[in-house]
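Coordinate analysis (summary)
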Amino acid sequence: MTVYKSLYLHRASPVHALDPRAKLLGLLALAGLPFAFNDPRYVAVVGLIVLGLSAVAGCLGNLRRFRNVYLLVFVVNVVLWQFTIDGTTTLFVLGPVSVTREALLYGIAAALRFVVVLMVGTLFVSCTSTEDVTVGLVHLRLPYTVAFVVSTTLRLVPAFITATGTVIEAQTARGFVADSRNPVRRVRQLLPVVVPLIVYALRHGSMMSLAMEARGFTVRGDRTSYRTPVMTARDVAVLGGLAIILAGAIHLRLSGYGVVLPGRL
């Protein structure tokens, strides 16, 4: 059984060394960048930028770990957009669906956007510890409760992945098999896995709330922090560079570049 304690990777990279607030604001800028275009070529360039940053941060291993998730998100998005976009240039007909050039390109761009956002999120959690997330959000003037919920959610993701593996192994030992190719039947077959996971989540949440109350989490008052982050000139330069790139992308979009379907995001 593989135990996932955290997606954070301890590296001595320039991305890891950034101030937590710079990473949080950079996360928002990079996640918003692909939405400036709906041409897949431009969105792919953004993806390459994220890949380059991941290589600098030494986080490509985490990206490889989730490659199947990225592929699933990409395929589902491309297929779904063929049912909602009407185009004028028909490429081929697949049963009741007429696939057009416009719908295909827009579907690929939309799928790449989601994949890039997932990659940006993976990069962020790979180079930012949950403690730094909390410190960064608090020093960005967000309420401590919100910062705690966000950092706790990030911390629980590996725990639930590990719990899922444990439940599947336990149910497999009892004869559980989910090999049906029928989607509806496969969902029904997964009930022996989903129900224990829900029970685990409820029990884990209840135990965590008891532990937090025992440590005075609900007591009101000013909270202090062990660590006080300091924004350096490097952090300001990185944020300035990202702001210029984001502004340039918006300018390109308004000038008509990076668009395959005008009038759509």
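In short, a report on the structure. The residue numbering used here restarts from 1 in each chain and proceeds along that chain's sequence as written. For this predicted model, a pLDDT threshold of at least 70 governs which residues receive local features, and a threshold of 80 or more governs which side-chain atom pairs are given and counted, while totals over whole chains, interfaces and linings are taken from all residues. For the side-chain quantities, the full set of heavy atoms in the structure was used; hydrogens and water were omitted.

**Re the environment of H139**
- Numbering of helices and strands starts at the N terminus; helices are DSSP runs of H or I of at least 4 residues and strands are runs of E of at least 2. Note on placement: H139 falls in helix α6 (residues 130-139).
- Working definition: with a 1.4 Å probe on protein chains only, accessible area under 20% of the residue-type maximum means buried, over 50% means exposed, and in between means partly exposed. Residue H139 is classed as partly exposed on the basis of its relative accessible area, which comes to 27%.
- Once the C-alpha coordinates of H139 and P229 are considered, the two residues, 90 residues apart in sequence, prove to be 8.1 Å apart.
- In this description, contact between two residues means that some pair of their heavy atoms is separated by no more than 4.5 Å. Setting aside anything within four residues of it in sequence, one finds H139 in contact with R21, S225, R227, T228 and P229.

**Focus: the layout of surface pockets**
- The calculated volume of the largest pocket comes to roughly 400 Å³.
- Of all the elements in the fold, those that place two or more residues in the lining of the largest pocket are α1 (20-32), α4 (67-81), α5 (101-127), α6 and α7 (144-173).
- Of the two site types, the cavity is a set of points on a 1 Å grid over the protein atoms alone where a 1.4 Å probe fits but cannot get out, and the pocket is an open set with protein on both sides within 12 Å along at least five of seven lines, each lined by residues with an atom within 4 Å of a point. Grid points are joined across faces, edges and corners, and a volume is the space filled by probe spheres set on the points. One number sums up the size of the second largest pocket: a volume of about 330 Å³.
- Elements supplying a minimum of two residues to the lining of the second largest pocket: α1, α2 (40-57), α5 and α10 (233-254).
- Considered class by class, the residues forming the lining of the second largest pocket number 14 nonpolar, one polar and two charged. In this count, Pro and Cys sit with the nonpolar residues alongside Ala, Val, Leu, Ile, Met, Phe, Trp and Tyr, while Asp, Glu, Lys and Arg are called charged and the others, Gly among them, polar.

**Re the packing of α6 against α7**
- At a minimum axis distance of 9 Å, the contact between α6 and α7 shows a crossing angle of 155°. With respect to each other, α6 and α7 are oriented roughly antiparallel. The hand of the α6/α7 crossing is right-handed. The residues of α7 that touch α6, namely those facing T130, E131, V133, T134, L137 and V138, are Y144, A147, V150, S151, L154 and R155.
- Class assignment for the residues of the contact of α6 with α7 results in seven nonpolar, three polar and two charged. Between N-to-C directions, angles span 0 to 180 degrees; the directions come from axes that are lines fitted to C-alpha atoms, helices contributing only their stretch in contact. Note on terminology: angles under 35 degrees are roughly parallel, angles over 145 are roughly antiparallel, angles of 65 to 115 are roughly perpendicular, and the others are oblique. Crossing handedness is read from the near helix: turned anticlockwise from the far helix by less than a right angle, it gives a left-handed crossing, and turned clockwise, a right-handed one.

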